[in-house]
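Given next are the chains, with one letter for each unit.
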Amino acid sequence: MPTICDQSRLRSLGVTFCAVPSFQPLPCDSNGSLLSRLNITSLCEPNPLNISMEDNDYAFYKNILDDPSFPYVEEIVQAITPTLLEHFVTDMNDVYVDDVFVVHYNTEQYDSRCPKHQDPSDITVNVCLERSEDLEGSQIVFYGSKRIRCVEPFEEKQEEDGFLIDTKLGCCSIHWGAHPHEVTPLKRGRRTNVIFTMAYKDAAKSEKDRICYADQQGSAER
Ligand SMILES: O=C(O)CCC(=O)C(=O)O
Ligand SMILES: [Fe+2]
């Protein structure tokens, strides 16, 4: 399966990257970037609210929407607003940040995959906070293409047809929540991302309450 790096091609398939300037790791950074202000280890630590994650079997998830150790939601929304306005929404007042969570992968996890799914969002913003230099695997596969605004030409790709992306440190990938994707197994290193699920305020327009995993569909039907 190809890893697509060309950004204009990625946009024509429905995935766009956006730098989060305050996340850029700066050389000799004393006080500047969000990355240097963040204590990633503490973000990834189990606490009484997510004690079930302590067993380390799967990727670590932690909700941080109102977490005082992550007071950067507004700062990140500011940084991505021009990209959201260009490719996803016509008015930022139409959408809100519904949830924010950390996902962390390391080699101690028995199963570091995330099976194919859609997100419980209308728009997903996936910010890369940490990727070790020796990182291997743990890539995101997108299936098929989804049209985003103001991108020509659109590249029609069927859902069986997947492509991989790598999001650089200090950048985020932005895609429709409906764009099916999965995460490949981590082979080496560690990776930590913060995911913003954004939704339309107008419930009639929002599809965030979808069935995200196909097997949930099956169990709903049984
Ligand atoms: O690992 C990632 O960066 C994405 C994970 C993901 O797709 C999700 O949690 O919905
Ligand atoms: Fe996802």
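Just so you know, these numbers come straight off a predicted model, no measurement behind them. (Residues numbered from 1 in each chain as written. Chains lettered and ligands numbered in written order. Predicted model: local features only at pLDDT ≥ 70, side-chain atom pairs only at ≥ 80, totals over all residues. Heavy atoms only, no water.)

Caption draft 1: How the structure looks around the overall build of the chain. For the chain, the count of helices and strands is five helices and 12 strands. Here the chain, with 222 residues, has 50% of them falling under the buried criterion. Residue pairs in contact within the chain that sit at least 24 positions apart in sequence constitute 83% of those at least 6 positions apart. Accessible area for the chain stands at about 11,400 Å²; split by element, carbon and sulfur atoms hold 49% of it. (Helix = DSSP H or I, 4+ residues; strand = E, 2+ residues; numbered from the N terminus. Buried < 20%, exposed > 50% of the residue type's maximum accessible area, 1.4 Å probe, protein only. Contact = heavy atoms within 4.5 Å. Areas by Shrake-Rupley, 256 points an atom, 1.4 Å probe, with all protein chains shown as cover.)

Caption draft 2: Representation of the site of ligand 1 within the structure. Close to ligand 1 lie Y61, F101, Y105, H117, D119, N126, I140, H181, V183, R191, N193 and I195, which account for all nearby residues. At 2.4 Å from an oxygen atom of ligand 1 is found a side-chain nitrogen or oxygen belonging to Y105. A distance of 2.8 Å separates an oxygen atom of ligand 1 from a polar atom in the side chain of N126. Compared with its free state, where it exposes 300 Å², ligand 1 has 95% of that area covered by protein. For the shell around ligand 1, the elements supplying multiple residues, two or more each, are β3 (95-105), β10 (181-183) and β12 (191-200). (Near = heavy atom within 4 Å. Polar contact = N/O pair within 3.5 Å; in protein donor to acceptor, adjacent residues only side chain to side chain.)

Caption draft 3: Quick peek at the packing of aromatic side chains. This structure, assessed with the given rule, holds four aromatic pairs. Relative to Y72, the ring of F70 lies with its centre 5.4 Å away and its plane at 85 degrees, an arrangement referred to as edge-to-face. You'll find F70 and Y72 in the same group, each marked buried. Look at F142 and F163: their rings are 5.9 Å apart centre to centre, the planes differ by 25 degrees, and that puts the pair in the stacked class. (Phe/Tyr/Trp six-rings, centres within 6.5 Å; stacked < 30°, edge-to-face > 60°.)

Caption draft 4: Spotlight on the sheet that holds β10. Read across the open sheet, the four strands follow the order β4-β10-β7-β8; overall the sheet is antiparallel. Of all the strands in the sheet, just β4 (114-117) and β8 (162-165) have a single pairing partner and so form its edges. When the angles between neighbouring strand axes are averaged without regard to direction, this sheet yields 20 degrees. Bridging between β4 and β10 involves two bridges; their strand directions are antiparallel. Within the sheet, the bridge partner assigned to H117 lies in β10 and is H181. (Pairing = 2+ DSSP bridges. Axes fitted to C-alpha atoms, helices over the stretch in contact; angles between N-to-C directions.)

Caption draft 5: Spatial organisation of the pairing of strand β2 (residues 60-63). Judged by which residues are buried, β2 turns out to be one-sided: F60 and K62 face inward and are buried, whereas Y61 and N63, on the alternate face, are not. Pairing of β2 with β3, which is carried by four bridges, proceeds in the antiparallel orientation. The residue bridging F60 from the neighbouring strand is H104, located in β3.

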